[in-house]
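Residues per chain, in single letters:
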Amino acid sequence: MTSTAPPSCAPNWGTCPWPWNRPAPTSPTTPPPPPATTCACSPGIPRPCTGEHRTLARIWRVTFDRITAREPFAVDLLLTLAWYAPDTIPMSLINELADPPTINAALGILAAYTMITIDPGSAAISIHRLVQAVARTPDPTDTHRRPDMIDQARDRATTTLTAAFPATWDDPATWPVWRTLAPHTEALADHTEPGTGTTETAALLNRIAMFLDDQGLPGRAIPLHEQALTDRERILGPDHPDTLGSRNNLASAHQDAGDLTRAIALYEQTLTDCVRVLGEAHPTTVAVRENLAAAVAAQRG
């Protein structure tokens, strides 16, 4: 096939699924590829290209129809992968989603349509950011991306991440697992719209934030603690023990980051609430009081 110049959008978005100069793979059971001169980028994502943009929504929908016809779970898997970081997604985040034959079939189909790439050595998965953006964008008119399906995919990603983490980070032998999964948890947090997190999401963010803070990375921990605290306040209320624990953990992260003024203010607020809600002798109250004393002592030098 003679190469022609790529469409105007290609240089701005990098390598899209179904590159402009290469058709999608075909086989006796695979339908014809989408037009070779049209990028399969996401509808609804700002882009300078206008000529091809009108056809993109139709192309995505037709492609998802074709994938679903071959293996319905493949679309569910793609929607779940959209909530993780785009690179180095470990198989531990996929293995529990379905039985091995179904997973293998789904991965093969997604790879054939260049929706994902699979590293032959590690079996880790990578997915184009534009594919992820489309798969996270709800569309009530699209049977593959209804709002309820997007919410279910995020919940699957949260549950799978929660199950993949070790029970504790006390054993240094588990640290590589925590470090591998941390970027995917941070991506999940970044992609979760404010006010839509769940108690399970908050618990997951709280755990990984505590690990990051323990690893000397309070800058990465603080945004996760803030998001977990916001969700717990909204869902559980400001006086729930989990909410009080999140506020204490956020104060600790600020203390470790060297912001003692902010840490002390949070500790004082949390201690007041703990005494009122839990009592003077409750373990959480005692821990917050000790943390406050340590922060005050550090501020005084």
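The structure this text deals with has already been given above.
Residues numbered from 1 in each chain as written. Predicted model: local features only at pLDDT ≥ 70, side-chain atom pairs only at ≥ 80, totals over all residues. Heavy atoms only, no water.

Give a detailed account of the overall build of the chain, specifying residues and quantitative values.
Each helix and strand in the chain was counted, giving 12 helices and two strands. Listing each helix as α and each strand as β along the chain from the N terminus yields α-α-α-α-β-β-α-α-α-α-α-α-α-α. Looking at the chain alone, contacts between residues at least 24 apart form 61% of all its contacts between residues at least 6 apart. Here the chain displays about 14,100 Å² of accessible surface, and carbon together with sulfur accounts for 56% of that area. (Helix = DSSP H or I, 4+ residues; strand = E, 2+ residues; numbered from the N terminus. Contact = heavy atoms within 4.5 Å. Areas by Shrake-Rupley, 256 points an atom, 1.4 Å probe, with all protein chains shown as cover.)

Outline the packing of aromatic side chains, supporting the account with residue identities and numerical values.
For the structure shown, the criterion picks out four aromatic pairs. Summarising the aromatic geometry, the rings of Phe 165 and Trp 178 are spaced 4.7 Å apart at their centres and angled 40° between planes, so their arrangement reads as tilted. With Phe 165 in the loop between helix 6 (147-164) and helix 7 (175-191) and Trp 178 in helix 7, the pair connects residues that are 13 residues apart, well separated along the chain. The exposure class of Phe 165 is buried, given its relative accessible area of 7%. On the numbers, 5.3 Å between centres and 85° between planes, the contact of Trp 169 with Trp 178 is edge-to-face. Across this residue pair, the class does not change: Trp 169 and Trp 178 are buried. Cluster of aromatic residues (ring-pair linked, three or more members): Phe 165, Trp 169, Trp 178 and Phe 211. (Phe/Tyr/Trp six-rings, centres within 6.5 Å; stacked < 30°, edge-to-face > 60°. Buried < 20%, exposed > 50% of the residue type's maximum accessible area, 1.4 Å probe, protein only.)

Explain helix 5 (residues 129-136) residue by residue, including any values.
A large share of helix 5 lies buried, amounting to seven of its eight residues. Taken together, the buried positions of helix 5 are Leu 130, Val 131, Gln 132, Ala 133, Val 134, Ala 135 and Arg 136.

Which residues make up the pattern of salt bridges, and what values do they have?
Tallying each qualifying case throughout the model produces 14 salt bridges. The residue Arg 145 makes a salt bridge to Asp 139 at a minimum N-O spacing of 3.8 Å. Arg 145 sits in the buried class, given a relative accessible area of 5%. Members of the salt-bridge network, linked through shared partners, are Glu 233, Asp 239, Arg 247, Asp 273 and Arg 276. (Salt bridge = Lys/Arg side-chain N within 4 Å of Asp/Glu carboxyl O.)

Could you give an account of a negative patch on the surface, naming the residues involved and the relevant values?
Among the surface-exposed residues, Asp 170, Asp 171, Asp 214 and Asp 256 lie close enough to one another that they form a single negatively charged patch. Locating Asp 256 in the fold gives a position in helix 10 (residues 241-256). Taking relative accessible area as the criterion, Asp 256 reaches 46% and is therefore assigned partly exposed. (Patch = residues over 30% accessible without salt bridge, like charges linked within 9 Å, V, L, I, M, F, W, Y side chains within 5 Å. Lys, Arg positive; Asp, Glu negative; His and termini not counted. Charge placed at Lys NZ, Arg CZ, Asp CG, Glu CD.)

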